[in-house]
Amino acid sequence: MKEVKILMTMVVVLFLCVKAQGSSALSAEQKIKAESIGAVLRCPVCQGMPIADSPATMAVEMMDLVYEKVAAGQSEEEIINYFIGRYGEWVLLRPTTKGFNLFVWILPPIALLLACLLIVYRARRAKEKETGQEQDTLASKDSDDTIEAIRREVEI
Amino acid sequence: MNWRRTWIGVLLVLPFIGLLALGFGTDPHAVPFVLKGEDAPSFSLQSLEGEPVGLKDYRGKPIVMNFWASWCEPCKLEHQLLQNAARRFAEEVVFLGVVYQDTPEAAQQFLARHGNQMTQLLDPESKTAIDYGVSGVPESFFINRQGKVIHKEPGVLRPERLFSELKKIMQD
């Protein structure tokens, strides 16, 4: 158990050292820019992890490339587009709001709205039915009284 | 039974079922092949023997580019197949191996043990691998004479797939 903890610590320290090495030539502002780009790019060999947080060699190398491109003066859009050009939009942890992806953003509120409308509609129908039944009961009571009155008159 | 209401319900539910089918029908971990039909990304690497090798050196020739590593068990399964194909089509097709996240020593030891008929390249920072959208090894790319990427084979190459793709890049 102790050995596992030591090994884990070594892996984390190594990861931080490698990370620090890749970004050492950048200014604080550039580092923030690179980290924010790395936070939206998916590591291809991990389970839904951004390359900025993954200790996987592939992610570290992708992050180094991001640092390199930031240092070369490329914009966030240019860098993200480079990775999209290699891995498709799959590489983005947050889908774009273009094309087919638009469904992902639009459908949940539409579904919620439809569900609300359905609930309101059903509630109204139920209320209307209840009112109708009350009126029917009253009407049937009235007709019963009338029939009784007629019967009494006929009997007399 | 109120058919009008039933049809409205079906029409509302169908798009959701379609989307769910689409979602469950695709592997979320599968990296899409976006380079299909695009120009193969150029590279300038060093061979295991220290020679500079670039994509431009093979202009006009069909290329099979295989990313592999000595630590990768599935790579061993396809190694012999690739070696046999490289020997058989030595005149017509260029077979390139790209050592992925591995040391030159380990790669050389592997090749000494298992044999080598291909030009083996080193990609120390995985820049070429990233340029090709590699997400693991083994992964193979088939490039035609015009320098267009025709096919990507993620995982172990099977003989029938290798020969059908070879046929395509040799014909194009």
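Scroll up to find the structure this text is about.
Residues numbered from 1 in each chain as written. Chains lettered and ligands numbered in written order. Predicted model: local features only at pLDDT ≥ 70, side-chain atom pairs only at ≥ 80, totals over all residues. Heavy atoms only, no water.

### Some thoughts on the packing of aromatic side chains
- Under the defined criterion, the tally for this structure stands at seven aromatic pairs over all chains.
- When the centroid spacing of 5.0 Å and the interplanar angle of 80° are considered together, the rings of Y82 of chain A and F83 of chain A count as edge-to-face.
- Ring centres of F67 of chain B and F141 of chain B lie 5.8 Å apart, and the angle between their planes is 80°; on these two criteria the pair is classed as edge-to-face. In this pair, F67 of chain B is assigned in strand 3 (residues 63-68) and F141 of chain B in strand 6 (residues 139-143), connecting sequence segments 74 residues apart. Summarising the burial analysis for this pair, F67 of chain B and F141 of chain B share the class buried.
- Among the aromatic residues, those joined into a ring-pair cluster are F67, Y132 and F141 of chain B. (Phe/Tyr/Trp six-rings, centres within 6.5 Å; stacked < 30°, edge-to-face > 60°. Helix = DSSP H or I, 4+ residues; strand = E, 2+ residues; numbered from the N terminus. Buried < 20%, exposed > 50% of the residue type's maximum accessible area, 1.4 Å probe, protein only.)

### Some words on the nonpolar core
- Formed by 58 residues in total, the largest nonpolar core has its most connected members in V66 and F83 of chain A together with M65, F67 and Y132 of chain B.
- Broken down by element, this core gets its largest block of residues, eight residues, from helix 3 (residues 57-71) of chain A.
- Once you skip the residues sitting within four places of it in the chain, V66 of chain A turns out to touch A34, I37, L41, I51, I79 and F83 of chain A.
- Grouped together as the second largest cluster of nonpolar side chains are 15 residues, F89, L157, L166 and I169 of chain B included. (Core = buried A, V, L, I, M, F, W, Y, C linked by side-chain atoms within 4.5 Å. Contact = heavy atoms within 4.5 Å.)

### Looking at the interface of chain A and chain B
- Facing 24 residues of chain A, the contacting portion of chain B comprises 26 residues.
- Each partner contributes to the roughly 1900 Å² buried at the junction of chain A and chain B, and carbon and sulfur atoms together form 61% of this total.
- There are two salt bridges connecting chain A and chain B.
- Between E68 of chain A and K127 of chain B there is a salt bridge, and its shortest N-O distance comes to 2.8 Å. (Buried area = accessible area lost by both parts, 1.4 Å probe. Salt bridge = Lys/Arg side-chain N within 4 Å of Asp/Glu carboxyl O.)

### Some words on the sheet that holds strand 5 (residues 119-122) of chain B
All names here are of chain B.
- Within the open sheet, the seven strands sit side by side as 2-1-5-4-3-6-7. Their pairing is mixed. Two strands in the sheet have a free side with no partner beyond their single neighbour: strand 2 (52-54) and strand 7 (149-154). Mean inter-strand twist for the sheet, computed between neighbouring axes without regard to direction, equals 30°.
- Relative to strand 5, strand 1 (residues 44-47) runs antiparallel, the two being bridged by two bridges. Each residue of the ladder has a partner; that of S47, found in strand 5, is L121.
- Packing against the sheet, helix 2 (residues 73-88) makes contact with strand 3, strand 4 (94-99) and strand 6, and its axis sits at approximately 155° to strand 3. (Pairing = 2+ DSSP bridges. Axes fitted to C-alpha atoms, helices over the stretch in contact; angles between N-to-C directions.)

### Notes on the side chain of E153 of chain B
All names here are of chain B.
- Along the chain, the position of E153 falls in strand 7.
- The exposure class of E153 is buried, given its relative accessible area of 12%.
- Engagement of the side chain of E153 in a polar contact is seen with the side chain of R161, the distance being 3.3 Å.
- Those residues in contact with E153, other than ones at most four positions away along the chain, are P138, E139, S140, F142 and R161. (Polar contact = N/O pair within 3.5 Å; in protein donor to acceptor, adjacent residues only side chain to side chain.)

### Side note on the pairing of strand 4 of chain B
All names here are of chain B.
- Among the six residues that make up strand 4, six are buried, leaving the element largely enclosed by the rest of the structure.
- As judged from the six bridges shared by strand 3 and strand 4, these two strands associate in the parallel manner. In the sheet register, M65 faces strand 4, and the bridge partner there is L96.
- With helix 2 bridging strand 3 and its parallel neighbour strand 4, the resulting β-α-β unit is right-handed.
- Traced from strand 4 through helix 3 (residues 104-114) to strand 5, the parallel crossover comes out right-handed. (Right-handed = clockwise from strand over helix to strand, strands pointing away.)

### Looking at the pattern of salt bridges
- On inspection of all chains with the given rule, the structure shows nine salt bridges over all chains.
- Taking the shortest distance from any N to any O, the salt bridge between D131 of chain B and R86 of chain A comes out at 3.4 Å. Here D131 of chain B, found in helix 4 (residues 127-131), pairs with R86 of chain A, found in helix 4 (residues 76-87), and the two come from separate chains. Summarising the burial analysis for this pair, D131 of chain B and R86 of chain A share the class buried.
- Here E165 of chain B makes a salt bridge to R161 of chain B, at a shortest N to O gap of 3.4 Å. In this pair, E165 of chain B and R161 of chain B both sit in helix 5 (residues 159-171), four residues apart, roughly one turn of the helix.
- Among the residues examined, E165 of chain B registers a relative accessible area of 1% and is labelled buried.
- Overall, R161 of chain B belongs to the partly exposed group, its relative accessible area being 35%.
- Here the residues in one salt-bridge network are E153, R161, E165 and K168 of chain B, joined through shared partners.

### Here we look at the state of the cysteines
- For the structure shown, the criterion picks out two disulfides over all chains.
- Each sulfur of the disulfide joining C43 of chain A and C46 of chain A lies 2.2 Å from the other. Taking the torsion about the S-S bond as the criterion, the C43 of chain A to C46 of chain A disulfide, at about 60°, is right-handed.
- Here C43 of chain A falls in the buried class, since its relative accessible area comes to 0%.
- In this model C72 of chain B forms its disulfide with C75 of chain B; the gap between the sulfur atoms is 2.1 Å. When the S-S torsion is 90°, as for the bridge of C72 of chain B with C75 of chain B, the disulfide is right-handed. Of the two residues, C72 of chain B and C75 of chain B, neither departs from the other in class, the shared state being buried. (Disulfide = S-S within 2.5 Å.)

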